[in-house]
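Breakdown of the fold
If you want the building blocks of each chain, they are given just below.
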Amino acid sequence: MAKVSKPAKEAKPSKESKLKKEAAAPKATKEAKPAKVQPPVKEEKAAKEPKAPKLNHIGLDAEKTKELAKKLNELLANYQVFYMNARGYHYNIRGEKFFELHLKFEELYSNLILKADEIAERVLTLGETPIHAYSGYLKISDIKEKQNVTSPKEAVSEILNSFATLLARQRVLLDLSGDANDEGTNAQMSDYIREQEKLVWMYSAYLGK
Ligand SMILES: [Fe+2]
């Protein structure tokens, strides 16, 4: 039987070469260790992360929605008073422009009552109750009742003032709804503003402005 030669034993590194290796390798010192990340203190965390708002049935901030519904009710009140005023202009207008303005004011009040309905339904969609009594509207409307207006110029001037009130209120609602991520109210206000700005141009043109 052939004698199997044992593999030569690996030469043990000399003490000297071991020292050399250690010198070449960077020695891990205590200072080089990565600093342990401290978990954030609970109080600090609470201060950085604002408390999550309470959401309502359609996923909107409940508190902001209440404020929006209140402002929408105020807008509704203004629409309702403006609507009844426009009916009065439609009935009582006099003069050679009667047929033209009688029809124009009908178009106006029909559009105002349509929007009043949409606003009231938006209030309901937001989970609140729309005001549905004239006594309630009159208490909070900026637009006041106008009676016995027969002059075309006076009627159109009053209409322009009323549109200015609606536009100002709708722009406030546009900002508030944007802040509350309420796209429904925001889009509604945006449509009304664009439409009524054009009407302001037309009624102003009638007055020669
Ligand atoms: Fe009529």
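Residues numbered from 1 in each chain as written. Predicted model: local features only at pLDDT ≥ 70, side-chain atom pairs only at ≥ 80, totals over all residues.

Re the nonpolar core
Among the nonpolar cores identified, the biggest contains 32 residues, and L72, L76, Y79, F82, A86, L112 and I119 are the most heavily contacted of them. Ranked by the residues each element gives to this core, the list is headed by helix α3 (residues 62–92), at twelve residues. What L72 contacts, discounting residues up to four positions off in sequence, is I119, R122, V123 and L173. (Core = buried A, V, L, I, M, F, W, Y, C linked by C-beta atoms within 7 Å. Buried ≥ 20, exposed ≤ 12 C-beta atoms within 10 Å, placed from the backbone. Helix = DSSP H or I, 4+ residues; strand = E, 2+ residues; numbered from the N terminus. Contact = placed C-beta atoms within 7 Å.)

Examining the packing of helix α6 (residues 152–179) against helix α7 (residues 183–206)
Contact geometry of α6 with α7 gives a least axis separation of 9 Å together with a crossing angle of 155°. If you check the angle between α6 and α7, you find them roughly antiparallel. α7 is crossed by α6, and the crossing has left-handed handedness. (Axes fitted to C-alpha atoms, helices over the stretch in contact; angles between N-to-C directions. Parallel < 35°, antiparallel > 145°, perpendicular 65-115°, else oblique. Left-handed = near helix turned anticlockwise from the far one by under 90°.)

Comments concerning the environment of D179
Structurally, D179 is set in helix α6. We classify D179 as partly exposed; it has 13 C-beta atoms within 10 Å. D179 sits 115 residues away from K64 along the chain, and the two C-alpha atoms are 8.6 Å apart.

Focus: the confidence of the model for the chain
Of all residues in the chain, 78% attain a pLDDT of 70 or more, and the chain-wide mean is 87. Segment residues 1–11: pLDDT under 50, and zero contacts once partners within four positions in sequence are set aside and those in other chains are kept. Under a pLDDT of 50 for its full length, residues 25–29 has, in the predicted model, zero contacts with residues more than four places off or in other chains. (pLDDT = per-residue confidence, 0-100.)

Things to note about α6
With 28 residues, α6 extends 41 Å between its outermost C-alpha atoms, agreeing within 8% with the 40 Å of an ideal straight helix rising 1.5 Å per residue. Within α6 the residues assigned to the buried category are P152, A155, V156, E158, I159, S162, L166, R169, Q170, L173, L176 and S177. Of the surrounding secondary structure, the elements contacted by the buried residues of α6 are α3, α4 (98–125) and α7. Among the residues trailing α6, N181 stands out with phi positive, at a value near 55°. (Expected span 1.5 Å × (residues − 1).)

Examining the environment of Y83
For Y83, the location among the structural elements is in helix α3. Sequence separation of Y83 and L112 is 29 residues, and the distance between their C-alpha atoms is 5.7 Å.

Re the environment of I119
As for its placement among the helices and strands, I119 is situated in helix α4. By the C-beta count within 10 Å, which is 24 here, I119 ends up buried. Each C-alpha atom of the pair I119 and M189 lies 9.5 Å from the other, and the pair is 70 residues apart in sequence. Contacts of I119, omitting those with residues within four sequence positions, involve L72, L75, L76 and Y79.

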